[in-house]
Amino acid sequence: MERVAVYPGSFDPITNGHLDIARRARRLFDRVILTVADNSSKAHTFSTAERVRLAKACVAGLSGVEVDTFDGLLVDYLRRKDSRVIIRGVRAVSDMEYEFQMASMNRAVFPEVETVFLMPDERYTYLSSTMIKEVARLGAAVPDYLPAPALEALRRRYARRARR
Ligand code: PNS
């Protein structure tokens, strides 16, 4: 049977850290669905369509990794995809508090689900989309951390704001 893992997140925008986790997950599972949360309770920099577009452009070379989007409960999405595995990247111990809460909640509503935590390459340990955006907004580039399409999208986003 095909082993399908779901890698959910905001991906606002997708970073090299996310891609590193997707690659690692793909080594463990036949199919990895990187799914962008269309979660209206969070304020995102990029629209869902744009986050999906960027993720698609970046995983194009990764066989067995596909991009999708979901709204509502993550576990309902897993059921629809016939998956029992959630992939999450953890960078530091400080991530674990939030991750444990989420994994426990997901397990409470769908007991068969397992959350698999993967550690990214050390280069990405301190990488966060929020900080990347802060730095980009203030005019610095972070090419080591962002794939080209995301870097370009951020550049355009903040150039437009600066002109206003
Ligand atoms: O990249 P993020 O923002 O840490 O991802 C969080 C995400 C999207 C995985 C989480 O908020 C989520 O699963 N949202 C869907 C709603 C849901 O199922 N909530 C219950 C688990 S807390």
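The paragraphs below set out a description of the structure included in this document. (Residues numbered from 1 in each chain as written. Predicted model: local features only at pLDDT ≥ 70, side-chain atom pairs only at ≥ 80, totals over all residues. Heavy atoms only, no water.)

Another point: the packing of aromatic side chains. According to the stated counting rule, one finds three aromatic pairs in the structure shown. Measuring from centroid to centroid gives 5.2 Å for Y7 and F11, while their planes differ by 90°, and the two rings are edge-to-face. On the accessibility criterion, F11 (3% relative accessible area) is buried. Ring geometry for F100 against F117: centres 6.4 Å apart, planes inclined by 0°, an arrangement best described as stacked. Within this pair, whereas F100 is found in helix α4 (residues 93-109), its partner F117 is found in strand β5 (residues 114-118), the two being separated by 17 residues in sequence. On the basis of relative accessibility, which here comes to 52%, the residue F100 falls in the exposed class. By relative accessible area, which is 29% here, F117 ends up partly exposed. (Phe/Tyr/Trp six-rings, centres within 6.5 Å; stacked < 30°, edge-to-face > 60°. Buried < 20%, exposed > 50% of the residue type's maximum accessible area, 1.4 Å probe, protein only. Helix = DSSP H or I, 4+ residues; strand = E, 2+ residues; numbered from the N terminus.)

With that settled, consider the site of the ligand. Close to the ligand lie 14 residues; S10, K42, L74, R88 and M102 are nearest. One of the side-chain nitrogen or oxygen atoms of K42 is found 2.4 Å away from an oxygen atom of the ligand. The separation between an oxygen atom of the ligand and a polar side-chain atom of R88 is 2.9 Å. When contributions to the shell around the ligand are tallied by element, the ones reaching two or more residues are β1 (4-9) and α4. Here the element with the most residues in the shell around the ligand is α4; it accounts for three residues. Residues that form the shell around the ligand fall into these classes: seven nonpolar, five polar and two charged. (Near = heavy atom within 4 Å. Polar contact = N/O pair within 3.5 Å; in protein donor to acceptor, adjacent residues only side chain to side chain. Nonpolar A, V, L, I, M, F, W, Y, C, P; charged D, E, K, R; others polar.)

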